[in-house]
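Structural features, examined
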Amino acid sequence: MRVMILGDSGLLGQALMQEWSGDEVLGLNSRDADIRDKDRVRETVEKIQPEWIILAAAYTNVDGCESNPELTFTVNRDGAAYVAEAARRTGAKLLFISSDYVFDGKKNSPYEIDDKRNPLSVYGRSKAEAEMRLLDLLPDCCIVRTSWLFGTGGKCFPDTILKLASSRPALDVVDDQRGCPTYSIDFARAIVQLCHKDATGIVHATNSGNCTWFEFAREIVKQAGLPTEVRPLTTQQMPRPAQRPAYSVLSSASLDRLGIAMPSWQDAVSRYLQERKL
Ligand SMILES: NC(=O)c1ccc[n+]([C@@H]2O[C@H](COP(=O)([O-])OP(=O)(O)OC[C@H]3O[C@@H](n4cnc5c(N)ncnc54)[C@H](OP(=O)(O)O)[C@@H]3O)[C@@H](O)[C@H]2O)c1
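Numbers given to residues run from 1 along each chain, matching the order in which its sequence is written. Only residues with pLDDT of at least 70 are given local features in this predicted model, and only at 80 or more are side-chain atom pairs given and counted; all residues enter the totals for whole chains, interfaces and linings. As a rule here, side-chain values cover all heavy atoms of the structure and leave hydrogens and water aside.

**Thoughts on helix H5 (residues 122-137)**
- Spanning 16 residues, H5 covers 22 Å between terminal C-alpha atoms, matching the ideal 22 Å at 1.5 Å per step.
- For H5, the complete set of buried residues consists of Val-122, Tyr-123, Gly-124, Ser-126, Lys-127, Ala-128, Ala-130, Glu-131, Leu-134 and Leu-137. Only DSSP runs of H or I with at least four residues qualify as helices, and only runs of E with at least two residues qualify as strands; both kinds are numbered from the N terminus onward. A helix is expected to reach a length of 1.5 Å times the quantity of its residues less one. A simple rule labels every residue: compare its accessible area, found with a 1.4 Å probe on the protein chains alone, to the largest value its type can have, and call it buried under 20%, exposed over 50%, or partly exposed in between.

**Details of the layout of surface pockets**
- Size it by volume and the second largest pocket reaches roughly 170 Å³.
- Cavity means a closed set of points on a 1 Å grid over the protein atoms alone, one where a 1.4 Å probe fits but cannot get out, pocket means an open set with protein on both sides within 12 Å along at least 5 of 7 lines, and lining means a residue has an atom within 4 Å of a point. Taken together, 18 residues make up the lining of the second largest pocket; nearest its centre are Thr-206, Asn-207, Ser-208, Leu-250 and Ser-252.
- We call Asp, Glu, Lys and Arg charged. Ala, Val, Leu, Ile, Met, Phe, Trp, Tyr, Cys and Pro are nonpolar, and the rest, Gly among them, are polar. Residues that form the lining of the second largest pocket fall into these classes: 9 nonpolar, 8 polar and 1 charged. Grid points are joined across faces, edges and corners, and a volume is the space filled by probe spheres set on the points.

**A few points about the nonpolar core**
- Counting 84 residues, the largest nonpolar core has Ile-54, Leu-94 and Leu-95 as its most contacted members.
- For Leu-94, the residues in contact, after removing those within four places along its chain, are Trp-52, Ile-53, Leu-55, Val-83, Ala-84, Ala-87, Leu-134, Leu-138, Cys-141 and Cys-142.
- Joining through side-chain atoms within 4.5 Å is the link that ties buried Ala, Val, Leu, Ile, Met, Phe, Trp, Tyr and Cys residues into a set, and such a set is a nonpolar core. Val-102, Ala-128, Val-249 and Leu-250 belong to the second largest nonpolar core, which has 8 residues in total. The contact criterion used throughout is that any non-hydrogen atoms of two residues lie within 4.5 Å.

**So, the site of the ligand**
- The criterion for a residue being near a molecule or strand is simple. One of its heavy atoms has to lie within 4 Å of it. Close to the ligand lie 25 residues, the nearest being Ser-9, Leu-12, Ser-30, Thr-60 and Tyr-123.
- Pairs of N or O atoms are called polar contacts if they sit within 3.5 Å, as long as, within protein, a hydrogen donor faces a hydrogen acceptor (for residues adjacent in sequence, only side-chain-to-side-chain pairs). At 3.2 Å, a backbone N or O of Gly-7 approaches an oxygen atom of the ligand.
- With respect to the ligand, the backbone of Ile-97 contributes an N or O atom lying 3.4 Å from an oxygen atom.
- Coverage of the ligand by the protein amounts to 81% of the 900 Å² it exposes when considered alone.
- Elements that contribute at least two residues to the shell around the ligand include exactly helix H1 (11-19), strand S4 (93-99) and H5.
- Of the residues in the shell around the ligand, the class split is 12 nonpolar, 9 polar and 4 charged. Surface exposure here means Shrake-Rupley accessible area, sampled with a 1.4 Å probe, where a residue is shielded only by the protein chains that are shown.

Written out as structure tokens, the structure reads:
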């Protein structure tokens with residue numbers, strides 16, 4: 001099977017390139033094919049003729065999106081639609097990576113795949129609108145929502161915490177936003193399985209269990225053996241440009257139905273720390 005990965009230089013893209021074996025895998029980034037360029041996207045897909053396209057390319061700076069809505073929608077929604085149109089022309093299957101930020105976080109039980117989208121941020125709106133466009137253009141595409149991605153391939157929350165913890169006696173971290181940390185390696189493995197199972201429709205895929213950012217930071221510091229104190233903070237005490245959902249735990253039911261299991265986030269933290277040392 002020939003697989004084309006858009007966004008191969010990103011946190012997830014690097015994990016996909018590392019974990020995918022047994023198939024012919026071609027990775028591309030914005031220099032190879034900027035997804036805002038409709039003709040370039042079409043030509044690239046026509047040339048490569050992939051069986052699967054994994055669309056992991058996006059403008060992911062959630063706070064930056066608030067001040068750059070035009071760029072956000074051009075990349076995350078319009079670019080995604082150009083990829084879907086190219087997939088439709090060539091008969092390729094498409095797996096699109098989406099986000100927990102399509103939800104408003106007002107629930108207090110895990111979000112199911114058919115829960116109503118109600119994004120709070122520009123980034124979340126761009127992902128929600130992309131999902132709707134893609135389902136319209138390519139009803140059999142697979143949309144995989146994940147959350148709180150971390151890995152060794154780029155800037156992420158555990159990396160920031162470890163850097164700060166090594167130079168400060170105490171860290172203050174938000175304790176009123178709850179979600180599911182997800183290790184890029186575990187997520188990449190789930191994506192490979194989804195393609196091999198010819199998955200379609202919306203799927204939620206995260207590491208199992210959930211926590212607040214404070215609990216996540218405390219676990220990272222504990223497992224790293226650092227003496228840094230981690231103290232809880234409210235979102236109000238630490239305002240950011242983009243509003244985040246207070247609760248964005250994604251239900252594993254859709255993944256369970258496909259027979260795919262994900263390790264716990266605490267186990268993922270331990271493997272991330274090992275990989276970071278290598
Ligand atoms: N990070 C999270 O916590 C999180 C949570 C939920 C969902 N997601 C979703 O997961 C996916 C992967 O995220 P990530 O954290 O791996 O992202 P990332 O590290 O920011 O990487 C983004 C990738 O997209 C590419 N890209 C950006 N703009 C592009 C354009 N105009 N044309 C073509 N490629 C472009 C980048 O290529 P260049 O290097 O060439 O710029 C890079 O390879 C995204 O769809 C994101 O929305 C992420």
